[in-house]
Amino acid sequence: MAENGEEKLIAVARHIAKTLGHTDTMTDDILQIFSNFDNRFREKLTDDQPLERTLKSLHRQISRHLSAQHHIWSDSDESAAFLDSVDQLLAIIHEWNPMANDKSVSVSLDKADDLLQQAMFRLQDEFTTLMQRASESVDLTRHQNGGNNLGDYYESEEEEVDDDDDDDDNEIPIAHPVTDYGILIEALPAGIISDLHEIAKRMVAAGYEKECSHAYSVSRREFLEESLSRLGLQKLSMDQVQKMQWNDLEDEIEKWVKAVNVALRILFPSERRLCDRVFFGFNSVSDLSFMEVSRGSTIQLLNFADAVAISSRAPERLFKVLDVYEALRDLMPEFELMFSDQYCVLLRNEALAIWRRLGEAIRGMFMELENLIRRDPAKTPVPGGGLHPITRYVMNYIRAACRSRITLEQVFEEIVVPSASAVDYRDGDDRALSSSSLAVQMAWIMELLESNLEAKSKIYKDSALLAVFMMNNERYIVQKVKDSELGLLLGDDWIRKHAAKVKQYHVSYHRSSWSKVSGVLKIDNNAMSPTGASRSLKEKLKLFNSYFEEICKTQSTWIIFDEQLKEELRNSVAGSLSPAYRNFIGRLQSNNDSGRYAERHIKFSVEDLEARIFELFQGSSGSGGGRK
């Protein structure tokens, strides 16, 4: 440093002498003054070409390295000498730049810049070669975590080949399930990283940071793309995704969910760490390099999610779209961490925008479900008044959807960014759920379904069968609500209200079916002679038998899907009809005129009556309406 300072001082003195010395005598006088400080100054001040001589010496040294036909970094001594020469050249340029206005200095500096450019090009080549050779020597199937070999990130699976195929390249690497995301890939050996850092330091110091970043990015970008390919992720355009058959797309979504988790939790953090180590001390260059490395793979992942978001909003696609939505939601903290710098912020914002579009798609699917319910026509009645397919479909659909209740709450509340508040929301009082946006949405779907079922019930001309149909479907709805997340959303009041509707339909059924039968068994004791009473009892009994047989024959083919409800209905009918029938038979048998011949007219004993009642609602083969 002292020697460099002395050279600089001499250069400044020489420049002053030349500028102020208009005559040789004056110049000599000025030089004499400077030499009085040190006798060595006169000799050095009279030397007109110290920069040129230094550059010639550096040119010879650097040219030997530039002309080398081998990889310079294969020899540590040679690489160290090359870097030392580059350091000297950078120091000379830096020291002499303040005097660039001097013509001779300017010419020499131009030569120095040319030599520096050649050196940088060679360093860039060496940088690229180092990365390529290091990447080729790294086994992509192995991972490191704290220096311990984890393995099992990829595994090999043999592909079927012909018996006479001797090609050994028949092992196809496929992704192995990853459960530990606390993995960091040691993509390059520590020694290589150190060499790359030393080269990067010189290139950044010379102003060639973009060239260095580009050399780095090209190599690492290939590594990331290959890693995603090994995870089974195809490079699909948005148009290809949208035209894909749904079954195929479901498979691709499963692969995507795995790949995006590995990418954001393992691959990208590992690449970020490698960037920071290679470009240690140069944050901007590290940020730029990481963006260039990860941009292509990130866009590939995001484009797939975006294609899913803008594809068909058919309700049956909800569950896989929820998988994509949840994957992005859960990874937003990783996006925030990995892509928060000036170069990557657009990628982070795009991830957030696509996540929101997925939320819009999910809300759109519920709108399509509403339209499906509205458009489902009331064409033909369900045999036996059983469950209508629309009831089973809608209830099983929203019951399954509500397994993702927390996610759907976020979707319908339009929560912007997952944060600590989302956790508080998740753990909040379930009693407040009945007033949430999702609860309102579900209640609206329930209302649409009930309106649709009421319209369908009008197809039944028998009011008792209409009541059975509504009772079946209402009971199914209530039970599906009670034993799922829907119960938390809709609340106890909703459940009580609709359970009461089941009871109302029960009463309606009883009135429509059995009031006429029960009415026949009523006995009028006034204004009737014993002979007339006997005749009336026999006529009533005959009429009762006719009504009862007709109802039992008809209603034995009707369906009550729920065994408990079926038992309740049978007990209710038997409980109201059996005492009245027993009383009627007793009255008939006690009548003086008809008692001796009563057995001739009694077709059913009380026990027979109850047995026939308990054969109701057996359904007919192929009538459907069973519970699922």
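Per an unreviewed UniProt entry, the chain goes by Exocyst subunit Exo70 family protein and derives from Solanum verrucosum. Regarding the chain, the relevant UniProt record gives this comment under Sequence similarities (unreviewed entry): "Belongs to the EXO70 family." In its Function (unreviewed entry) section, the UniProt record describing the chain reads: "Component of the exocyst complex."

### A short note on the packing of aromatic side chains
Counted by the stated rule, this structure contains 19 aromatic pairs. Centroid distance Trp73 to Phe82: 6.4 Å. Interplanar angle 65°. Geometry classified as edge-to-face. When sorted by exposure, Trp73 lands in the same class as Phe82, which is buried. Over the ring of Tyr547 we find Lys516; its NZ or CZ atom is 4.6 Å from the centre of that ring.

### Some words on the confidence of the model for the chain
Looking at the chain, the pLDDT average stands at 82 and 77% of residues meet or exceed 70. Looking across the chain, the model is least confident in strand β2 (residues 148-149), with a mean pLDDT of 36, and most confident in helix α18 (residues 463-482), with 96. Residue range residues 42-47 is modelled with pLDDT below 50. Its contacts to residues more than four positions away, or to other chains, number 15 contacts. Between residues 140-177, whose pLDDT stays under 50, and residues either more than four places distant or in other chains, the model counts 63 contacts.

### Regarding the environment of Glu454
Within the secondary structure, Glu454 sits in helix α17 (residues 437-457). Between the C-alpha atoms of Glu454 and Leu466, which are twelve residues apart in sequence, the distance is 9.1 Å. Contacts of Glu454, omitting those with residues within four sequence positions, involve Met470 and Tyr505.

### Some remarks on the packing of helix α15 (residues 405-413) against α17
Between α15 and α17, whose axes approach to 8 Å, the crossing angle comes to 95°. As the angle between them shows, α15 and α17 are arranged roughly perpendicular. Each of Arg405, Leu408, Glu409, Phe412 and Glu413 in α15 lies in contact with α17, whose residues at this interface are Ser437, Leu438 and Gln441. In terms of residue class, the contact of α15 with α17 is made up of three nonpolar, two polar and three charged.

### Considerations on the pattern of salt bridges
One pass over the full model with this rule turns up 32 salt bridges. The partner of Arg272 in a salt bridge is Asp276, and the shortest N-O contact between them spans 3.0 Å. Here Arg272 pairs with Asp276, and both are found in helix α10 (residues 246-278), just four residues apart, close to one helical turn. Its relative accessible area of 11% is what places Arg272 among the buried residues. For Asp276, a relative accessible area of 34% puts it in the partly exposed group.

### Brief notes about the side chain of His388
Relative to the helices and strands, His388 is located in the loop between α13 (345-375) and α14 (389-401). Overall, His388 belongs to the buried group, its relative accessible area being 12%. Look past the residues within four positions of His388 in its chain and what remains in contact with it is Asp376, Val382, Leu453, Lys456, Phe469 and Asn473.

### What about the nonpolar core?
The tendency in soluble globular proteins is for nonpolar side chains to be buried as a group. Within the largest apolar cluster, 173 residues are counted, with the highest numbers of intra-cluster contacts made by Phe127, Trp256, Phe366, Met442, Tyr509 and Tyr581. No other element matches the 15 residues that α10 contributes to this core. Not counting residues within four places of it along the chain, the set of residues in contact with Tyr509 comprises Ala464, Ala467, Val468, Met471, Trp514, Gln555, Trp558, Leu569, Val573, Leu616 and Phe617.

Each value, and the rule that gives it
Residues numbered from 1 in each chain as written. Predicted model: local features only at pLDDT ≥ 70, side-chain atom pairs only at ≥ 80, totals over all residues. Heavy atoms only, no water. UniProt positions renumbered as here; feature names shortened; annotations may be inferred. Phe/Tyr/Trp six-rings, centres within 6.5 Å; stacked < 30°, edge-to-face > 60°. Buried < 20%, exposed > 50% of the residue type's maximum accessible area, 1.4 Å probe, protein only. Lys NZ or Arg CZ within 6 Å of the ring centre and 35° of its normal. pLDDT = per-residue confidence, 0-100. Helix = DSSP H or I, 4+ residues; strand = E, 2+ residues; numbered from the N terminus. Contact = heavy atoms within 4.5 Å. Axes fitted to C-alpha atoms, helices over the stretch in contact; angles between N-to-C directions. Parallel < 35°, antiparallel > 145°, perpendicular 65-115°, else oblique. Nonpolar A, V, L, I, M, F, W, Y, C, P; charged D, E, K, R; others polar. Salt bridge = Lys/Arg side-chain N within 4 Å of Asp/Glu carboxyl O. Core = buried A, V, L, I, M, F, W, Y, C linked by side-chain atoms within 4.5 Å.

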